[in-house]
Amino acid sequence: MKKIFAFSLALCMGISLAACGQKAEQKPATEAAAAETEAAAAETEAAAAETEAAASGDETVLKLWCIATESDANRPAYLQAIADYEAAHPGIKIEMEAFENESYKTKIKAAMIGGDTEDLPDIFFTWSGAFLGEFVKADKVYCLDDNYAAYTDKIPESMLATTTYDGKHYGVPTTFNIVAMYANMDLLAEAGWDHVPETYEDLTACCDALLAKGIIPFGCAGKETWCVTEYLEPIMIKTIGYEALDKIFAGEATWNDPDIAKSVDTLQDMINKGYFDPNGAALGNDEVKANFLAGKTAFYQNGSWNTGEVAAADFTAGVGLFPVMNEERSSYNQTIGGPSDSLAVCSASKNVEAAAEAAVELGKEICHYNYLNAVGMPAWIPDYDTSSLSPLLVQIGELVSSCEGMVLFGDTAMAADPAQIYLDYVSQVYGGEINGEDFIAGLTADLQ
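Brief notes about the state of the cysteines
Consideration 1: Applying the stated criterion across every chain, the model contains zero disulfides.
Consideration 2: Of the cysteine sulfurs around Cys227, a residue in no disulfide, the closest is that of Cys220, at 6.3 Å.

Here's what the structure looks like:
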C-alpha cells in the first residue's frame, strides 16, 4: 500500500507544483456553467434553510477539538476556514477549542475510548493511520463516504488512503507534511558551506566546521518526545529503507534489526559529538524553534508545517532531507511523512450530518489556507491562485515530487499502546539511558 501511495503522491504533487505561479485552471464553458448552476442551486437551497434556522434562533452549534493553539502554525488557517464556513452557513456556529499537542493525545484517547459521549466534540482533529483507526474500530467515528461523493474531483484517492479503513472513508486531511531539514544558510556560509549537505559525510563535516566557529548545529526538544522522533525516524528510514520501516511500524516485522540499532547509535553519536544544543533536553519545541529562527542554531529538523515561519525568518533559508545512511537499503529520496493531520466526526454527535458536511468543507479550506501560508503541502488539489507561494515551500514540493517512498510518522502509524511504548524507548535514547542494542532488544521483547 505504501509503495502505490508514494507513486500516486508524486503524481499529485506534480499537479500541485505545476499550479505554482498560476491561477486556477478553468473548466470548459459548458461544463463549468452546468456545474456552477447545479452548485448555485444547492447553495441557494442550503442557504435558505440555514437563514430560516438562524432567523428562528434555531442555531446549530458544532464543537470542534483541535491542536491549533495560539503558537501553532495551523491556527490562522483554522480561524479563517471557520469564519468562511460560518459566513456561508448562517445557521451553523463552530466552537473551536484547542489543546497542546501531547496533552491532546491523552484527552482525545480518553474521551473516545472510555469517556461519556456527552463530553465528545462533534468534529475532532486526529492523526491518520492507526491513531484514528482505533477510534474507527471502536465504532466512534462517522463514515464520510456519502459526503465525499461531491468532492471526487477535488482530492486524489491516494490522499485518503491513511484514513480509509475496510474501504470506507473516515477522515478529512487538512494538509500533507514531511520531515524537513531546514538550514540557516547564513550560518552555514560562516562555516564555509553554500549548500545543505546531502551525504552523511558532508553533514558531519559541516557540523564540525560549525562547531569550530562556535555555532551549534542542531536543536531538539527533549521535553517533547515526538520531536526526538523527527530526528530518529529519518535516520531509520535512511538506514533500513521505507518498506522495512513501514512493516516494523505496522507490526509485521521485528524491531530486532541491527540497522535499527545502528540508527540509534548514529543519533547518539551526533549528540555526543556536540552537534545538538546541550540545553535541548530541558526545552520544548517552541523554544527550540525560536532558537533556530533567532539564528542560534544552524539546522532545525521538523515537520514541513514550519515552512512559513522559517521563510519569514531574518536569514536565508535552505531545506533538504536527512542524508542516506545505507545506500544498499535506502536512498536520499525517501522520507517520513504523509497526509497525517485530519479532521473526523464523532458518530455520537447529535448533529452528525451537519458535522460531517462541515468537517469535509473545513478540512478542504484549512488545507487551502495552510498551503498559501506555507504550512505544508496540499492534500486537496488547489483550485485557487498559487502565484504567491513561498519559494521555500516550492523546494519542499520538489523534494516530495521526487520521493521514492514514504512512511507515516511512527507514533501515528502504530496503535496507541505500541506507540506509547515506542515513544518511551525513544525518550530513553535521547537521554542516553539506552543504546541501540538496548533499544531493539526492549522493543522486540515488549512489542513482539
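So much for the structure itself; the text now carries on.
With respect to the nonpolar core
Consideration 1: Counting 141 residues, the largest nonpolar core has Phe124, Trp255, Phe299, Tyr422 and Phe439 as the members making the most contacts within it.
Consideration 2: A per-element tally of this core places helix H14 (residues 352-372) first, with eleven residues.
Consideration 3: When residues no more than four places from it in sequence are discounted, the contact partners of Trp255 are Met236, Ile248, Phe249, Ile260, Met414, Tyr422, Phe439, Ile440, Leu443, Thr444, Leu447 and Gln448.

Section: the sheet that holds strand S1 (residues 60-66)
Consideration 1: The five strands are arranged S2-S1-S3-S12-S6 in an open sheet whose pairing can be described as mixed. With partners counted over all chains shown, the strands left at the sheet margins are strand S2 (92-98) and strand S6 (172-173), one partner each.
Consideration 2: Of the strand pairs in this sheet, S6 and strand S12 (residues 341-345) are connected by two bridges, and their pairing is antiparallel. Opposite Val172, over in S12, you have Leu343 as the bridge partner.
Consideration 3: In the packing of helix H3 (residues 75-88) onto the sheet, the strands contacted are S1, S2, strand S3 (123-127) and S12, and the crossing angle to S2 comes to about 165°.

Description of the pairing of strand S7 (residues 177-184)
Consideration 1: Among the eight residues of S7, eight are classified as buried, and the element is accordingly described as predominantly covered.
Consideration 2: The two faces of S7 match: Asn177, Val179, Met181 and Ala183 on one face and Ile178, Ala180, Tyr182 and Asn184 on the other face are all buried.
Consideration 3: In terms of strand pairing, S7 meets strand S9 (residues 297-303) through five bridges, oriented antiparallel. The residue bridging Val179 from the neighbouring strand is Gly303, located in S9.

What about the confidence of the model for the protein?
Consideration 1: Confidence in the prediction for the protein averages 89 pLDDT; 87% of positions are at 70 or higher.
Consideration 2: For the stretch residues 1-12, pLDDT sits under 50, and the model shows 22 contacts to residues farther than four places along the chain or on other chains.

Description of the pattern of salt bridges
Consideration 1: With the rule as written, the count across this model stands at eleven salt bridges.
Consideration 2: Its salt-bridge partner being Lys289, residue Glu309 comes within 2.9 Å of it at the nearest N-O pair. Separated by 20 residues along the polypeptide, Glu309 in helix H13 (residues 307-311) and Lys289 in helix H12 (residues 285-293) bring together distant segments of the chain.
Consideration 3: Note on Glu309: relative accessible area 29%, which makes it partly exposed.
Consideration 4: Judged by relative accessible area, which is 7%, Lys289 ranks as buried.
Consideration 5: One salt-bridge network, held together by shared partners, links Asp257, Asp259, Lys262 and Arg329.

Comments concerning helix H5 (residues 130-137)
Because each turn of an α-helix spans 3.6 residues, side chains separated by three or four positions in sequence point in the same direction.
Consideration 1: If you check which residues of H5 are buried, you get Phe131, Leu132, Gly133, Phe135 and Val136.
Consideration 2: Backbone geometry just after H5 places Asp139 at a positive phi near 65°.

Some details on the packing of helix H9 (residues 225-240) against helix H11 (residues 258-272)
Consideration 1: In the contact formed by H9 and H11, the axes pass within 9 Å of each other and the chain directions differ by 135°. Classified by the angle their axes make, H9 and H11 are oblique. By crossing handedness, the relation of H9 to H11 is classed as right-handed. Together, Val228, Tyr231, Leu232, Ile235, Met236, Thr239 and Ile240 of H9 and Asp259, Ile260, Ser263, Val264, Thr266, Leu267 and Met270 of H11 make up the contact between the two elements.
Consideration 2: Of the residues that constitute the contact of H9 with H11, the class distribution is ten nonpolar, three polar and one charged.

Things to note about the packing of aromatic side chains
Consideration 1: What the rule picks out here adds up to 26 aromatic pairs.
Consideration 2: Their ring planes at 80° and their centres at 5.6 Å tell us that Phe131 and Phe135 sit as a pair that is edge-to-face. Highlighted residues: Phe131 and Phe135, both in helix H5, separated by four residues, approximately one helical turn.
Consideration 3: Accessibility expressed as a relative area gives 4% for Phe131, which makes it buried.
Consideration 4: Among the residues examined, Phe135 registers a relative accessible area of 1% and is labelled buried.

Some thoughts on the environment of His169
Consideration 1: Inspection of the secondary structure assignment puts His169 in strand S5 (residues 168-169).
Consideration 2: Taking the C-alpha atoms as reference, His169 lies 9.2 Å from Asp146; in sequence the two are 23 residues apart.
Consideration 3: Once residues within four sequence positions are removed from consideration, His169 is found in contact with Tyr142, Cys143, Leu144, Asp145, Tyr148, Glu157, Leu160, Thr163 and Thr164.
Consideration 4: Of the polar contacts made by the side chain of His169, one reaches the side chain of Glu157; its length is 2.6 Å.

Cut-off values and rules
Residues numbered from 1 in each chain as written. Predicted model: local features only at pLDDT ≥ 70, side-chain atom pairs only at ≥ 80, totals over all residues. Heavy atoms only, no water. Disulfide = S-S within 2.5 Å. Core = buried A, V, L, I, M, F, W, Y, C linked by side-chain atoms within 4.5 Å. Buried < 20%, exposed > 50% of the residue type's maximum accessible area, 1.4 Å probe, protein only. Helix = DSSP H or I, 4+ residues; strand = E, 2+ residues; numbered from the N terminus. Contact = heavy atoms within 4.5 Å. Pairing = 2+ DSSP bridges. Axes fitted to C-alpha atoms, helices over the stretch in contact; angles between N-to-C directions. pLDDT = per-residue confidence, 0-100. Salt bridge = Lys/Arg side-chain N within 4 Å of Asp/Glu carboxyl O. Parallel < 35°, antiparallel > 145°, perpendicular 65-115°, else oblique. Left-handed = near helix turned anticlockwise from the far one by under 90°. Nonpolar A, V, L, I, M, F, W, Y, C, P; charged D, E, K, R; others polar. Phe/Tyr/Trp six-rings, centres within 6.5 Å; stacked < 30°, edge-to-face > 60°. Polar contact = N/O pair within 3.5 Å; in protein donor to acceptor, adjacent residues only side chain to side chain.

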